[in-house]
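Commentary on secondary and tertiary structure
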Amino acid sequence: MIRKGKTPRRPPPKKPSNNQKDPVGVYCRVRPLGAEDGECCVEVISSTTIQLHAPDGLKANRNGEFKETQYSFKKVFGIKTTQCELFEDVAKPLADDLIHGKNGLLFTYGVTGSGKTYTMTGSPGQGGLLPRSLDMIFNSIGPFQAKRFVFKPDDKNGMEVQNQVDALLERQKRESQQSVPKTPSSRQRVDPEFADMINPDEACKADDVDEDSSYSVFVSYIEIYNNYIYDLLEEAPMDLIKPKWNGAGTPLRHNTEFIPPQSKILREDQNHNMYVAGCTEVEVKSTEEAFEVFWRGQKKRRIANTQLNRESSRSHSVFIIKLAQAPLDADGDNVLQDKNQVNVSQLCLVDLAGSERTSRTRAEGSRLREAGNINQSLMTLRTCIEVLRENQMCGTNKMVPYRDSKVTHLFKNYFDGEGKVRMVVCVNPKTDDYEETMLVMRFAEMTQEVEVARPVDRPICGFAAGRRQRNQAFKEELSRRLEERGGPVDGEPPAALNQLLQSFPPLPASELSDPNDDHTIPRLIEALEKRHRIRQMVTEDYNKAANMLKSMLQDLDGNLMSKENFIQDQRGRLGEKDKMIQNQKNEIDRLEKKSKMLEYKIDILQKTTNIYEEDKRALQHELESRDHRLQREVSEKKRMEVRMHGLVTDEKLRWQKECERRVNAKELEMQNKLWVKDEKLKQLKAIVTESKTDSRPDQPQRPSREKDRVPAKRSASPSPVPKSFTCQAPVWPLPQALRPAPLSLSTSSMSVASCISEWEQRVPQTDRQGSPSPPHGRSRAQGPPSSLSRRRGRCWARDCEVPVQPADVGLEEVGYRTGPPVRPMHRRSHSAGAERWVDHKPSTNVELDTVMQPSVANAIKVSAPSEKALAKCDKYMLTHQEMASDGEIQTKLIKGEVFKTRGGGQSVQFTDIETLKQENPLGPSRKRTSSETGPNQEECKDGSWTDVETRCAVAVEMRAGSNLGPGYQNHGYSKRRKP
Ligand code: ADP
Ligand code: MG
């Protein structure tokens, strides 16, 4: 009778009953450098971190990455790590899980030559994870294995349980066929090629193996090449090539034609688990047997690769260890014939294809960088891991493309939460592999972020624990007793039975000698009844005791169960805590990495800041020094200015004095000369007169000097008009140096204004003839002539004297101009307020409508100058109109005093000019509408001329050797000076 047991992976893959999750455990193993590998680019910097150094050629990093990149893993194994150490950390827990009914998946991942196969399979004397796992499994379950064919795989990934008889029959059948590999009785019989793979000294064993279960191990070995699955343990095709083994264990190729293996397909069982349909599952009973099967597959793989010219590095090999276990029945004697109690766990050991671009092995030198050239199934694996990670981290629900490749499709259940997943990343530290290794590291690091649901614990069957032991103990006890007794003797009851029988009352003699004996039979009946009662009592007692024992046992069982549950619970919690610790460790690692990076950045920024600050300080220093220099220069300049100013003033004064001194000296000299000449002339005259007195006594006498001087005077006059009169400046009672230059003009019919204009025009001329270096205030003297004239007029007015201005008075030149200027005592005396005025208004004047009209009381009004009027008056006023620069009519009242000349004529000395101006307020604004002394606009605009002090200073300067004053003085003054 066959009972079918399905794998108890009940929960559908999408919702594992356990919501505890573990990250994919990623371990890194660095192999030693090969003899010709040259430089090393990998450094193990801690038990969890490795660092990759970019080789020199790659120093200029394209992605701006650091030259050194660090990767952290659950654990890093350096070059000295032994296979045993690696197994302890990586595969042992998986084998342990397998024994406890949980699934596991272990990958080796890395570039070709990085040690994947070495890690997984190992080499003689240094068995890898696979033989070690097998050894541990058999060491653990060895005594509890079921007989062959008790567990029988169905074709749908399930496990059937056969009863002892069926199993025995099948065994016998197979043995007769001789197809079942016999368990090698000793390690000596093992193929020498892998004889040393398993070292009995390093044997290890799982703890807490459930002894009340029966186990069976089945192995499968498949290869996935080019996305096709091949069964490496399939018998049929191999029959055709049937390699024979020579002494050295190398296959002798058969001459028969090689029939390529048929590829297998993937199917999903009723629990949604993927399996390779029709894949051979070989039941193995020992490590050696299992490894022999593996080796057979390995050889077949090699042959196929050679025959088909395939690259083994491009295929994935998957070795599946399936462990079926079912509880023993209540007797602890046989496997429980209940399919629901069969648990199948499997451990997949996957040696992945080399994770490099295929071109690397194909066309050397021309490494193609296209992603398409990377082994497609590895690409899919990466994609699946990425999507899983994204789904888990971002809470998205993207479809994981497991189906895109056979490898991922086959293991999809693991990632969906059907067992522990671990990966060993193998690294060859040679620089040639740097780029590939970096990609491998990135993928591996990312893989760690994927979490897989923790497999749930196997449900405990309802039987009391220790069945196997009890059963064994019972059997042992039985056989011992049998041995003690030398085995049961026929017809004789065993000793225990004897004892029991002795406790019964003895039977009375039952011999019947008399047919009428009425006593024997009733006595026998009575004794037998008694015995029956005793037996009933004993039975009752026994039943009672049995029941009591049973209930006691049940109590104990309950207790044990609750304890077990409690322990399980505690284990779960411990696991949770472990996971938390692990997570925190990972987080710490991550943060440490981050902080390292930040520190590096801060360092750079600090350096930059320092440089900038240094720059700033230098610039500030320079600025300060320049400031200082500037200040020094400015103060130096000021000091110089003051000094120069002082120097100039000193020099000016010195020169003034010098000039005065020279002029005086010259004057004196000239006077002396003149007097000498005069004297000579007088003497000459006297001589001549004496000699002529007699001849011309009526000739009028004239001072010789006056006669001489006439032509000189005339030549000095600017316009030698025949009928002219001279306006002579008076002799001022002022120091010579301060006297303004008198102006002498000889004109008869010239207007006063034109005389003024002419005089004004002379100023710049004289100015030009003077010193060519006008000092600051003096440059203004080169402005419009009018302004200058006024200034001069004003200045002189301040000195209470006014230069003589000719008027267009048609006065006869009565006084000869040879005489010295009229002395003040010649002025007509007049009492104050009783002056008489000649109010001369030329008829050409326009009548103005101004409110303020000049009116002079006690005046003789004339429209043309008349000597008669002048003779009567002592003041003269000419009202002169002219066009001002702004187009307005400007009225000037030119005032003067009338003097009598020595010759009896009249002379007018102008003392004052009053300017009246009418202004249109709508026109351009003016500061003043009228001014007494008539400083004109330009003068007003010039602030420096408006204050009295400045004006005085200029007035003084003009006579103190300025280019204007002295030049002018010299021109018309010295000549007229009377010695
Ligand atoms: P892969 O399977 O990744 O292509 P292999 O496992 O075939 O690489 O390793 C290539 C070579 O390197 C083998 O000769 C192997 O013995 C050696 N090797 C790999 N890893 C180690 C190691 N950790 N210690 C010593 N030798 C190693
Ligand atoms: Mg390999």
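Okay, so let's go over this structure. Note that this is a predicted model, so its numbers are computed, not measured.

The subject of this paragraph is the overall build of the chain. A count of helical and extended segments in the chain gives 21 helices and 32 strands. Looking at the 979 residues of the chain, the share that counts as buried comes to 41%. Carbon together with sulfur atoms contributes 53% to the accessible area of the chain, which is approximately 55200 Å² in total.

The subject of this paragraph is the sheet that holds strand 6 (residues 68-72). Taken in spatial order, the three strands of this open sheet run 4-5-6, and their pairing is antiparallel. The sheet is open, and its two edges are formed by strand 4 (42-44) and strand 6, each paired on a single side. Averaged over all pairs of adjacent strands, the angle between their axes in this sheet comes to 25°, without regard to strand direction.

Take the packing of helix 3 (residues 129-141) against helix 6 (residues 287-307) next. For the pair helix 3 and helix 6, the least separation of the axes is 9 Å and the interaxial angle reads 150°. As judged from the angle between their axes, helix 3 and helix 6 are roughly antiparallel. Between helix 3 and helix 6 the crossing geometry is right-handed. Along its contact with helix 3, which presents Leu130, Pro131, Leu134, Asp135 and Phe138, the element helix 6 presents Thr287, Ala290, Phe291 and Phe294. Grouping the constituent residues of the contact of helix 3 with helix 6 by class yields seven nonpolar, one polar and one charged.

Near ligand 1 you find Arg29, Arg31, Pro32, Val111, Thr112, Gly113, Ser114, Gly115, Lys116, Thr117 and Tyr118, and these make up its full shell. Here Gly113 contributes a backbone N or O atom positioned 2.6 Å from an oxygen atom of ligand 1. Here an oxygen atom of ligand 1 and a backbone polar atom of Tyr118 are 2.7 Å apart. When the free accessible area of ligand 1 is taken as 550 Å², the share hidden by the protein chains comes to 67%. At three residues, helix 2 (residues 116-120) tops the list of elements feeding residues into the shell around ligand 1. Tallied by class, the residues present in the shell around ligand 1 amount to three nonpolar, five polar and three charged.

So, on to the packing of aromatic side chains. With the rule as written, the count across this model stands at 11 aromatic pairs. Both rings, one in Phe107 and one in Phe411, keep their centres 6.1 Å apart while their planes meet at 90°; by these two values the pair is edge-to-face. Taken together, the residues Phe107 in strand 8 (residues 104-110) and Phe411 in the loop between helix 9 (406-410) and helix 10 (412-418) connect sequence positions 304 residues apart. Measuring from centroid to centroid gives 5.5 Å for Tyr221 and Phe319, while their planes differ by 80°, and the two rings are edge-to-face. You can see Tyr221 sitting in strand 13 (residues 213-225) and its partner Phe319 sitting in strand 21 (residues 316-327), a full 98 residues away along the chain. Residue Tyr221 is classed as buried on the basis of its relative accessible area, which comes to 1%. On the basis of relative accessible area, Phe319 is assigned to the buried category, the value being 0%. Within the aromatic cluster, the residues linked to one another by ring pairs are Tyr221, Phe291, Phe294, Trp295 and Phe319. It is Arg310 that lies over the ring of Tyr225; its NZ or CZ is 4.5 Å from the centre.

On the surface, a cluster of nonpolar side chains totalling about 400 Å² of accessible area is made up of Leu549, Met552, Leu553 and Leu556. Locating Leu553 in the fold gives a position in helix 14 (residues 520-693). The exposure class of Leu553 is partly exposed, given its relative accessible area of 46%.

This part covers the nonpolar core. In terms of nonpolar packing, the biggest core is built from 54 residues, with Ile50, Phe73, Leu105, Phe107, Phe411, Phe415 and Met441 touching the most fellow members. Looking at this core element by element, the count peaks at seven residues for helix 11 (residues 434-447). Not counting the four nearest positions on each side in its chain, Met441 is found in contact with Cys28, Ile50, Leu52, Tyr71, Phe73, Val425 and Val427. Listed in part, the 45 residues of the second largest apolar core include Phe77, Ile137, Leu233 and Val284.

Another point: the pattern of salt bridges. Evaluated as defined, the whole model comprises 30 salt bridges. For Glu283, the salt bridge identified is with Lys285, shortest N-O distance 3.0 Å. As far as burial versus exposure is concerned, Glu283 and Lys285 are alike and both buried. The closest approach of N and O atoms between Arg626 and Glu622, which form a salt bridge, is 2.9 Å. Here Glu622 and Arg626 lie together in helix 14, a separation of four residues that amounts to about one turn. Among the charged side chains, a network of salt bridges with common partners joins Lys152, Glu170 and Arg174.

Moving on, we get to the environment of Gly558. Inspection of the secondary structure assignment puts Gly558 in helix 14. Assessed through its relative accessible area of 38%, Gly558 is described here as partly exposed. For the pair Gly558 and Ala464, spaced 94 residues apart in sequence, the C-alpha to C-alpha distance is 8.8 Å.

Turning our eyes to something else, we now look at unusual backbone geometry. Its identity as a non-glycine residue notwithstanding, Phe149 has a phi of 70°, on the positive side. Residue position: Phe149 is located in the loop between helix 3 and strand 11 (151-153). Even without glycine at this site, Asn157 takes up a positive phi of about 70°. Position of Asn157 among the secondary structure elements: in the loop between strand 11 and strand 12 (159-162).

Rules used throughout
- Residues numbered from 1 in each chain as written.
- Chains lettered and ligands numbered in written order.
- Predicted model: local features only at pLDDT ≥ 70, side-chain atom pairs only at ≥ 80, totals over all residues.
- Heavy atoms only, no water.
- Helix = DSSP H or I, 4+ residues; strand = E, 2+ residues; numbered from the N terminus.
- Buried < 20%, exposed > 50% of the residue type's maximum accessible area, 1.4 Å probe, protein only.
- Areas by Shrake-Rupley, 256 points an atom, 1.4 Å probe, with all protein chains shown as cover.
- Pairing = 2+ DSSP bridges.
- Axes fitted to C-alpha atoms, helices over the stretch in contact; angles between N-to-C directions.
- Parallel < 35°, antiparallel > 145°, perpendicular 65-115°, else oblique.
- Left-handed = near helix turned anticlockwise from the far one by under 90°.
- Contact = heavy atoms within 4.5 Å.
- Nonpolar A, V, L, I, M, F, W, Y, C, P; charged D, E, K, R; others polar.
- Near = heavy atom within 4 Å.
- Polar contact = N/O pair within 3.5 Å; in protein donor to acceptor, adjacent residues only side chain to side chain.
- Phe/Tyr/Trp six-rings, centres within 6.5 Å; stacked < 30°, edge-to-face > 60°.
- Lys NZ or Arg CZ within 6 Å of the ring centre and 35° of its normal.
- Patch = residues over 30% accessible without salt bridge, like charges linked within 9 Å, V, L, I, M, F, W, Y side chains within 5 Å.
- Salt bridge = Lys/Arg side-chain N within 4 Å of Asp/Glu carboxyl O.
- Core = buried A, V, L, I, M, F, W, Y, C linked by side-chain atoms within 4.5 Å.

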